[in-house]
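Reading the structure
Each chain is listed here by its residues.
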Amino acid sequence: MANKIKLGAPPKTFKPVTLKVDMPDGSEGEIPLTFNYRTQDDYWAYRDEFFKIVGAEKPVDDPSALPVVAKEARHRAASHILGAIAEWELDVELTADNLCQLFNEIPLAASAIGEAYQVACIQGRLGN
């Protein structure tokens, strides 16, 4: 029997999910995690803030500055994305520094997490 819907009582988190991520060596890795719940409106505000934080609206004029800008943007992105994740089941603590290391070592992890979070918030579902 399905639960009766009660408005105004949102959950704290979405159902846990195990994200599949393509690794740099061609294998597939897994990131078991639980996302914090956000309404659609809250998600779009969160997303807009993300783009402001990482400076996506500002082009980099000096190509020699790209590595520094990219590293700073990755750190800002990791700190912001930390707010989307309630917990993960990796062998390291869930911190902005560890997220940043994950994004640096496994670049596709950032987009996998971002896309899965968007699906959860916009469509209200997660899948493997």
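One numbering rule holds for all chains: residues counted from 1, following each sequence as written. With the structure being a predicted model, the display of local features is reserved for residues of pLDDT at least 70 and the display and counting of side-chain atom pairs for 80 or more, all residues being used for whole-chain, interface and lining totals. Water and hydrogen atoms were dropped before computing side-chain values, which therefore reflect all heavy atoms in the structure.

1. So, the layout of surface pockets
Here is the rule: Within this scheme a cavity is a closed region of a 1 Å grid, computed over the protein atoms alone, that accommodates a 1.4 Å probe without allowing it to escape, whereas a pocket is open but has protein on both sides within 12 Å along at least five of seven lines; lining residues each have an atom within 4 Å of a point. Grid points are joined across faces, edges and corners, and a volume is the space filled by probe spheres set on the points. Each helix is a run of H or I in the DSSP string that is no shorter than four residues. Each strand is a run of E no shorter than two, and both are numbered from the N terminus. For this classification, Asp, Glu, Lys and Arg are treated as charged, while Ala, Val, Leu, Ile, Met, Phe, Trp, Tyr, Cys and Pro are nonpolar and the rest, including Gly, are polar.
As a volume, the largest pocket reaches approximately 370 Å³. Around the largest pocket, the lining is made up of 18 residues, and of these Phe50, Ala77, Ile81, Ala110 and Gly114 lie nearest the centre. Listed by contribution, the elements that provide at least two residues to the lining of the largest pocket are α1 (40-54), α2 (66-81) and α4 (108-123). Residues belonging to the lining of the largest pocket are distributed by class as follows: 13 nonpolar, 3 polar and 2 charged.

2. Concerning α4
Our working rule: Here, expected helix span is obtained from the residue count minus one, scaled by 1.5 Å. Only protein chains enter the accessibility calculation, which uses a 1.4 Å probe; a residue whose area is less than 20% of its type maximum is buried, one above 50% is exposed, and one in between is partly exposed. By construction, the arc corresponds to the directions joining the helix axis to the C-beta atoms.
The end-to-end C-alpha distance of α4 is 22 Å, a good match for the 22 Å that 16 residues give at a rise of 1.5 Å each. For α4, the full list of buried residues reads Ala109, Ala112, Ile113, Ala116, Tyr117, Ala120 and Cys121. All buried residues of α4 project into a common sector of 150° when viewed along the axis, lining one side. Glycine 124 sits one or two positions beyond α4 and adopts a positive phi of about 75°.

3. Focus: the nonpolar core
Put simply, the rule reads: We call a set of buried residues a nonpolar core when its members are Ala, Val, Leu, Ile, Met, Phe, Trp, Tyr or Cys and they connect through side-chain atoms within 4.5 Å of each other.
If you look at the biggest cluster of nonpolar residues, it comprises 26 residues, and the most contacted ones within it are Ile31, Leu33, Phe35, Leu99, Leu102 and Ile113. If you list the elements that add at least two residues to this core, you get β1 (17-22), β2 (28-35), α1, α2, β3 (85-88), α3 (96-105) and α4.

4. Some thoughts on the sheet that holds β3
Put simply, the rule reads: Being paired, for any two strands, means DSSP has found at least two bridges between them. Between the N-to-C directions of two axes lies an angle of 0 to 180 degrees, each axis being a line fitted to C-alpha atoms and, for a helix, fitted only over the stretch in contact. We call two residues in contact when some of their heavy atoms are within 4.5 Å.
With antiparallel pairing, the 3 strands of this open sheet are ordered in space as β1-β2-β3. Of all the strands in the sheet, just β1 and β3 have a single pairing partner and so form its edges. Neighbour-to-neighbour, the strand axes of this sheet turn through a mean angle of 40°, independent of strand direction. Note that β2 and β3 share 3 bridges and pair antiparallel. Bridge pairing in β3 links phenylalanine 35 to isoleucine 85. Helix-sheet contacts for α4 involve β1, β2 and β3, and the interaxial angle to β1 is about 140°.

5. Some details on the side chain of arginine 38
For clarity, the cut-off: Counting rule applied: Lys, Arg positive; Asp, Glu negative; His and chain ends not counted. Only one rule defines a salt bridge in this text: a Lys or Arg side-chain nitrogen within 4 Å of an Asp or Glu carboxyl oxygen.
Structurally, arginine 38 can be placed in the loop between β2 and α1. Here arginine 38 is buried and forms no salt bridge, its nearest opposite-charge partner aspartate 42 lying at an N-O distance of 6.2 Å. Once residues lying within four places of it in the same chain are set aside, the contact partners of arginine 38 are Phe14, Tyr43, Tyr46, Gly83, Ala84, Tyr117 and Cys121.

Scope: geometric values only; no functional claims are made or implied.
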